[in-house]
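Listed below, chain by chain, are the residues.
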Amino acid sequence: MESQRAALKAIRAHGMRSVLTALGIVIGVASVIAVVAIVQGLSASINSQFEGMGTNVLTVQPDTPLKAQLAGRFSRLTERDYQAIRYEIEGVSQVTATIMVTGRASSLSYQGRKAISRVIGTGYSYQDLYSVYPELGRFFTRADEQSRRRVAVLGASVVESLDIKGEPVGQYLQLGSEWFKIIGVMERRGDLFGLDQDDYVLLPYSTARALLGANREAGMSISLLVDDMAEMDRVKERIASLLRRLHDLKEDDRDDFSLRTAKQLQDTVGAITSTTTAVAAGVVGISLLVGGIGIMNIMLVSVTERTREIGILKALGATRGNILLQFLSEAVMLCLLGGLIGLALGYGVALFVSLMLPSLPAATVPVWAVALSLAFSVGVGVLFGILPAFKAANLHPIEALRYE
């Protein structure tokens, strides 16, 4: 306790020097915390998007190698693939195809006001698979899909971009040259990586196919629910075998499709954000080492300035261990105070950035980042304070008293 008191007294006695000494630690910790808070906020936002999808939801998507893409060749899933999975694969339910409607049909018009949006054709079970539900009105039904009704469910941003007045449900808008009745408005999901997740129009799958025409190729993905989670691997093998046969793939040919669960997608995104966090924090953390070197330099100067003080302390009975502990405590306290200030400053910067950029999710500082920053600060204090502390502890009392 006496060493702690003496260390605090020494820090207060040289206030400006202490502030400048700890500045490197403050900047280093603040930078690390700001980067981690922003990246973790993004990660939390992305993970929340997957929470609604159950672990037994399986998604089939086309998969084209980069070399083939550069050559202008793209893999596609077809209507035949969709129907085959739907009727030939056992142990699955709510098989839902999703296609993108492109061309003139993606141009929206309402009372003379026009907009461009993502127009998606999908099945009536889409809302249950992805846990997105209407905030107003209803979602389309099996009957809507079977009869190819001209009905649409809008994202909240489409209502705003078309400036639809009053109750949107029950009004009509044009997609290309076709009229559609608005039957629902989906709940708002916000932005993700700058992409407006509410800027879309959902149509019944059969209606979207009719808009595209029989000769139009559409980018399709297929989602389904595996009834028994224990059968997930077996179902994936059956679907893969079926699609390889339908696509006339030889034994040595790679799959031109991918099978992924929501958990796999979440793990992939999590791995990317974790790697990004580690790399960014590691690069920024170099400033902590620079700050530690600054502390060692200042502490060495402090030992030289306080040589006579050390001689008096030793003459009064202070042991080598007392002197060592006092100077080491001073270095650790400087780093710890710098870490605490940097922690608050970094979180403040992250909050400011997320407020200034609405497309970014709210900043989140995990407990491990706080603990790691403070532990690293203390570690820097011990590492770079030990040499000055040893120098002070090894001074001979007579020679220290004679120092001028």
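Residues numbered from 1 in each chain as written. Predicted model: local features only at pLDDT ≥ 70, side-chain atom pairs only at ≥ 80, totals over all residues. Heavy atoms only, no water.

1. Side note on the overall build of the protein chain
Formally: Secondary structure elements follow DSSP: runs of H or I of four or more residues count as helices, runs of E of two or more count as strands, with numbering from the N terminus. The cut-offs for exposure are 20% and 50% of the maximum accessible area for each residue type, with area from a 1.4 Å probe on protein chains only; residues under the lower value are buried, those over the upper are exposed, and the others partly exposed. Note on contacts: a residue pair is in contact if any heavy atoms of the two residues lie within 4.5 Å. The Shrake-Rupley method, run with a 1.4 Å probe sphere, supplies the accessible areas, and residue values consider only the shown protein chains as cover.
Regarding its fold elements, the protein chain presents 15 helices and 14 strands. Relative to its full complement of 404 residues, the protein chain shows a buried share of 45%. Counting only contacts in the protein chain whose residues sit at least 6 apart along the sequence, the fraction spanning at least 24 positions is 79%. Accessible surface for the protein chain amounts to roughly 20600 Å². Of this, 59% is attributable to carbon and sulfur atoms.

2. Remarks on the pairing of strand β3 (residues 107-110)
For clarity, the threshold we go by: Here a strand pair is declared whenever DSSP counts at least two bridges between the two strands.
Both β3 and strand β4 (residues 113-116) contribute to a ladder of four bridges, which runs antiparallel. Residue pairing for β4: Ser-107 is matched across the bridge by Ile-116. The hairpin formed by β3 and β4 contains two residues between the paired strands, and Gln-111 there has a positive phi angle of roughly 50 degrees. As paired elements, β3 and strand β8 (residues 172-175) share two bridges and run antiparallel to each other. Bridge pairing links Leu-108 to Leu-175 in β8.

3. Structural notes on unusual backbone geometry
Positive phi, close to 50 degrees, is recorded for Gln-94, a residue that is not glycine. Relative to the elements of secondary structure, Gln-94 occurs in strand β2 (residues 92-101). Even without a glycine there, the phi angle at Gln-111 is positive, about 50 degrees. Summarising the element assignment, Gln-111 is placed in the loop between β3 and β4.

4. Remarks on the packing of helix α13 (residues 320-356) against helix α14 (residues 367-393)
Rule in force here: To define axes, lines are fitted to C-alpha atoms, for helices over the stretch in contact only, and angles between the resulting N-to-C directions are given on a 0 to 180 degree scale. Roughly parallel here means an angle under 35 degrees, roughly antiparallel means over 145, roughly perpendicular means 65 to 115, and every remaining angle is called oblique. In this scheme the handedness of a crossing depends on how the near helix is turned from the far one: anticlockwise by less than a right angle means left-handed, clockwise means right-handed.
It is the contact of α13 with α14, at a shortest axis distance of 7 Å, that shows an interaxial angle of 150 degrees. Judged by the inter-axis angle, α13 sits roughly antiparallel to α14. In this structure, α13 meets α14 at a crossing whose hand is right-handed.

5. Details of the nonpolar core
Condition: To qualify as a nonpolar core, a set must consist of buried Ala, Val, Leu, Ile, Met, Phe, Trp, Tyr and Cys residues joined through side-chain atoms within 4.5 Å.
Judged by nonpolar contacts, the single largest core of 46 residues is most densely connected at Ile-85, Leu-154, Leu-173, Val-201 and Ile-239. For this core, the element with the highest residue contribution is helix α9 (residues 232-246), accounting for seven residues. Sequence-distant contacts of Ile-85, that is, excluding residues within four places in its chain, are made with Val-92, Val-95, Ile-222, Leu-224, Ile-239, Leu-242 and Leu-243. Judged by nonpolar contacts, the second largest core, of 26 residues, contains Ile-33, Val-36, Ile-295 and Ala-389.

6. As for the pattern of salt bridges
Side chains that carry opposite charge are capable of pairing whenever their charged atoms lie near each other. The condition that has to hold: Basic side-chain nitrogens of Lys or Arg form a salt bridge, by our definition, when they fall within 4 Å of a carboxyl oxygen of Asp or Glu.
Under the criterion given, the structure shown has nine salt bridges. The partner of Arg-254 in a salt bridge is Asp-63, and the shortest N-O contact between them spans 3.3 Å. Here the residue Arg-254 occupies a position in the loop between α9 and β14 (257-261), and Asp-63 occupies one in the loop between β1 (57-62) and α3 (66-70), the gap between them amounting to 191 residues. For Arg-254, a relative accessible area of 46% gives the class partly exposed. Across the salt bridge formed by Arg-188 and Glu-160, the nearest N and O atoms sit 2.6 Å from each other.

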